[in-house]
Amino acid sequence: MPEIYSAQNKAAATIKTCADEPIHVPGSVQPHGFIVIIDGQHKTIRLCSQNITHFLGLTLTDYLSRHYQDALPAALHQFVTVQLQEATPLLATPSPITINGLLLDCFFRETGDHWMLECVSTTGEGSTVYDVMRNSNILLQSLQGSINLQRLCQVVAETIAQITGYDRVMVYRFDEQYNGSVVAEAAASHVTDFFLGLNYPHTDIPEQARRLYLRNRMRLIADVDYEPVPLVSLHAHMATPEATDLSDCSIRSVSPIHLQYLRNMGVRATLTISLIKDGLLWGLVSCHHHSPKPVPYSIQTQAFLLSQLLTSQIAVQETAEQYAYSLRLQPHLNHLLSLLGRNENFKELHFSAAPQVLQVADATGALLVGRNRLFTNGAVPDSAQTE
């Protein structure tokens, strides 16, 4: 019996901070699917996830280091062959394939010098084209009325909550430093705590995680208490986490720190969708559930499409809101300019008395430092703190 080597990154469990985690190379996957890594030149199976035997039967040595056509069931090796023959292989859209009575959503991707076959267990239940049209029309009808960006985010959160059945759906928006705030929230009737309006530091989602959100725009965790399934190989040099980049793998194993963060919130399952504007991460749609929740890919995709409708409107809505704000601001600015244009001492006569000073700055208080004194307007610290 040949020795089988594990590629699981066991050091990840000892890392204390999110920023230090190599989250793209965990060397393991979530157990609701399996992956097969095929050598780009020889078409042999370099690695596979250990649970391939659970889905396909036989033993690991029946798959490892063998040509994919000899090792995989006919339906799977035919799928792989078709993808290899395509000028542009199917990268993002799954093909449903039934193996041993089990329906699998199958993806095929190029990654480095090898190919990745990813098969995810699914129920076959999901949305139809009519569901997609109906739920998209809800959002499109909202756009025809008078709606601002916050309300649009709320409509998206409510619609995604309805079609996915998650206990909570939030729209999370980043500022320029990637600190985040919850700008919309839809929660089930049994939810008693709410996150709308809460703010979170940029350290909650470190830089390498944000890079992955740009690259892999939809991410499902079916159960935070899953046991990671290692990738295995017959060759020790292949059985290292760094040898296989799982950035594009939808069932890539998750950071232990992030899983504990979710447990601390009472969350057992999540779906996260990236909101991207001008190539940058604008925010996230974050779906939480208080019990394990596998979601068919067709339902995930419907939520993703609604999120993309939102991102298509972000720039339009932001421009409209900025224009409306400038219209509200202009009379206040004109009044201040008229005061400044007089042959008068603006600081002495007008700074403290003019409410337009605060309205132009969108502030509740202002200080102007003169040569010998301070001029104040609105709510400011007392003189002991400002002198």
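No experiment lies behind these values; they were computed from the predicted model shown.

*Asks:* Can you walk me through the overall build of the protein chain in this structure?
*Replies:* For the protein chain, the count of helices and strands is eleven helices and 16 strands. For the protein chain, the residues scored as buried account for 46% of the 387 residues in total. Contacts in the protein chain between residues far apart in sequence, at least 24 positions, make up 63% of those at least 6 positions apart. Accessible surface, the protein chain as shown: approximately 19500 Å² in total, 53% of it carbon and sulfur.

*Asks:* Quick question: what am I supposed to make of a nonpolar patch on the surface here?
*Replies:* Together, Leu333, Leu337 and Leu340 give the surface a local cluster of nonpolar side chains, amounting to about 260 Å² of exposed area. Mapped onto the elements, Leu333 comes out in helix α8 (residues 297–341).

*Asks:* Explain the pattern of salt bridges to me, please; I cannot follow it from the model alone.
*Replies:* A side chain of one charge can pair with a side chain of the opposite charge when the charged atoms of the two come close. Inspection of the entire model under this criterion finds eleven salt bridges. A salt bridge links Arg46 to Asp39; its shortest N-O distance comes to 3.2 Å. Using a relative accessible area of 10% as the deciding quantity, one classes Asp39 as buried. Measuring nitrogen to oxygen at the nearest pair gives 3.4 Å for the salt bridge that ties Glu207 to Arg211. Here Glu207 and its partner Arg211 are both found in helix α6 (residues 207–215), four residues apart, which amounts to about one turn of the helix.

*Asks:* How should the side chain of His77 be read in this particular structure?
*Replies:* Note on placement: His77 falls in helix α3 (residues 74–85). Contacts of His77, omitting those with residues within four sequence positions, involve Tyr68, Gln69 and Leu72.

*Asks:* What exactly am I supposed to notice about the packing of aromatic side chains here?
*Replies:* How two aromatic rings sit relative to each other is set out by the distance from centre to centre and by the angle between their planes. This model, assessed by the stated rule, comprises seven aromatic pairs. Relative to Phe108, the ring of Phe79 has its centre 6.5 Å away and its plane inclined at 80 degrees; by these criteria the two rings are edge-to-face. Taken together, the positions of Phe79 in helix α3 and Phe108 in strand β6 (residues 102–111) put the pair 29 residues apart, joining distant regions of the chain. Of the two residues, Phe79 and Phe108, neither departs from the other in class, the shared state being buried. Where Phe108 meets Trp115, the ring centres are 5.2 Å apart and the plane angle is 5 degrees; that geometry is what we call stacked.

*Asks:* Looking at this structure, I do not really get the environment of Val285. What am I missing?
*Replies:* Counting through the fold element by element, Val285 comes out in strand β14 (residues 280–289). By relative accessible area, which is 0% here, Val285 ends up buried. In the structure, Val285 is positioned 114 residues away from Val171 in sequence and 4.6 Å away in space, judged by C-alpha atoms. Not counting residues within four places of it along the chain, the set of residues in contact with Val285 comprises Ile160, Val169, Met170, Val171, Leu271, Thr272, Ile273, Leu275 and Ser307.

*Asks:* Help me understand the environment of Thr311, please; the structure alone is not making it clear to me.
*Replies:* With respect to the helices and strands, the residue Thr311 is situated in helix α8. Accessibility expressed as a relative area gives 13% for Thr311, which makes it buried. Along the chain, Thr311 and Lys277 lie 34 residues apart, while their C-alpha atoms are 6.5 Å from each other. Beyond its immediate sequence surroundings of up to four residues, Thr311 is in contact with Leu275 and Ile276. At 2.8 Å, the side chain of Thr311 and the backbone oxygen of Gln308 are in polar contact.

*Asks:* Just to check I follow, could you spell out the sheet that holds β14 for this structure?
*Replies:* Two pairing modes exist for strands in a sheet, parallel and antiparallel, and in both the strands are linked by backbone hydrogen bonds. Pairing in this open sheet of six strands is antiparallel, and the strands run β10-β9-β8-β14-β13-β11 from one edge to the other. Strands with a single pairing partner mark the edges of an open sheet, and in this sheet they are β10 (199–200) and β11 (218–221). As paired elements, strand β13 (residues 269–277) and β14 share nine bridges and run antiparallel to each other. Counted as the bridge partner of Thr272 is Ser286 from β14.

*Asks:* Just checking my understanding: could you explain the environment of Pro355 for this structure?
*Replies:* Considering the arrangement of structural elements, one finds Pro355 in the loop between α9 (346–351) and α10 (356–361). Taking C-alpha positions, Pro355 is 9.7 Å from Leu336, a pair spaced 19 residues apart along the chain.

*Asks:* Can you help me understand the pairing of β13 in this one?
*Replies:* One face of the sheet, then the other: side chains in a regular strand alternate in exactly this way. The buried fraction of β13 is high, at eight of nine residues. Count of turn residues in the β13/β14 antiparallel hairpin: two residues, of which Asp278 carries a positive phi of about 55 degrees.

*Asks:* In this structure, what is going on with helix α7 (residues 256–264)? I would like to understand it.
*Replies:* Helical geometry note: an α-helix holds 3.6 residues per turn, so side chains three or four residues apart project in the same direction. The N-cap residue of α7 is Ser255: its side-chain oxygen and the backbone nitrogen of Ile257 are 3.1 Å apart. Taken from the residues just after α7, Gly266 is the one with a positive phi, measuring 80 degrees.

*Asks:* Any chance you could explain the nonpolar core here in plain terms?
*Replies:* A general tendency of soluble globular proteins is for nonpolar side chains to be buried together. Counting residues in hydrophobic clusters, the biggest one holds 30 residues, and the most contacted among them are Cys153, Ile160, Val169, Val171, Leu271 and Val285. For this core, the elements supplying multiple residues, two or more each, are α5 (149–164), β8 (168–174), β9 (180–187), β11, β13, β14 and α8. The element contributing the most residues to this core is α5, with nine residues. Those residues within four positions of Val169 in sequence are excluded, and the remaining contacts are Ala157, Ile160, Ala161, Ala184, Glu185, Ala186, Val285, Ser286 and Cys287.

*Asks:* For this particular structure, what's the right way to read unusual backbone geometry?
*Replies:* Leave glycine aside and you will find that most residues have negative phi; peptide bonds, for their part, are mostly trans. Its identity as a non-glycine residue notwithstanding, Asn100 has a phi of 55 degrees, on the positive side. Notably, Asp278 is not glycine yet its phi reads approximately 55 degrees, a positive angle. Relative to the elements of secondary structure, Asp278 occurs in the loop between β13 and β14. On the basis of relative accessible area, Asp278 is assigned to the exposed category, the value being 69%.

Parameters at a glance
Residues numbered from 1 in each chain as written. Predicted model: local features only at pLDDT ≥ 70, side-chain atom pairs only at ≥ 80, totals over all residues. Heavy atoms only, no water. Helix = DSSP H or I, 4+ residues; strand = E, 2+ residues; numbered from the N terminus. Buried < 20%, exposed > 50% of the residue type's maximum accessible area, 1.4 Å probe, protein only. Contact = heavy atoms within 4.5 Å. Areas by Shrake-Rupley, 256 points an atom, 1.4 Å probe, with all protein chains shown as cover. Patch = residues over 30% accessible without salt bridge, like charges linked within 9 Å, V, L, I, M, F, W, Y side chains within 5 Å. Salt bridge = Lys/Arg side-chain N within 4 Å of Asp/Glu carboxyl O. Phe/Tyr/Trp six-rings, centres within 6.5 Å; stacked < 30°, edge-to-face > 60°. Polar contact = N/O pair within 3.5 Å; in protein donor to acceptor, adjacent residues only side chain to side chain. Pairing = 2+ DSSP bridges. Core = buried A, V, L, I, M, F, W, Y, C linked by side-chain atoms within 4.5 Å.

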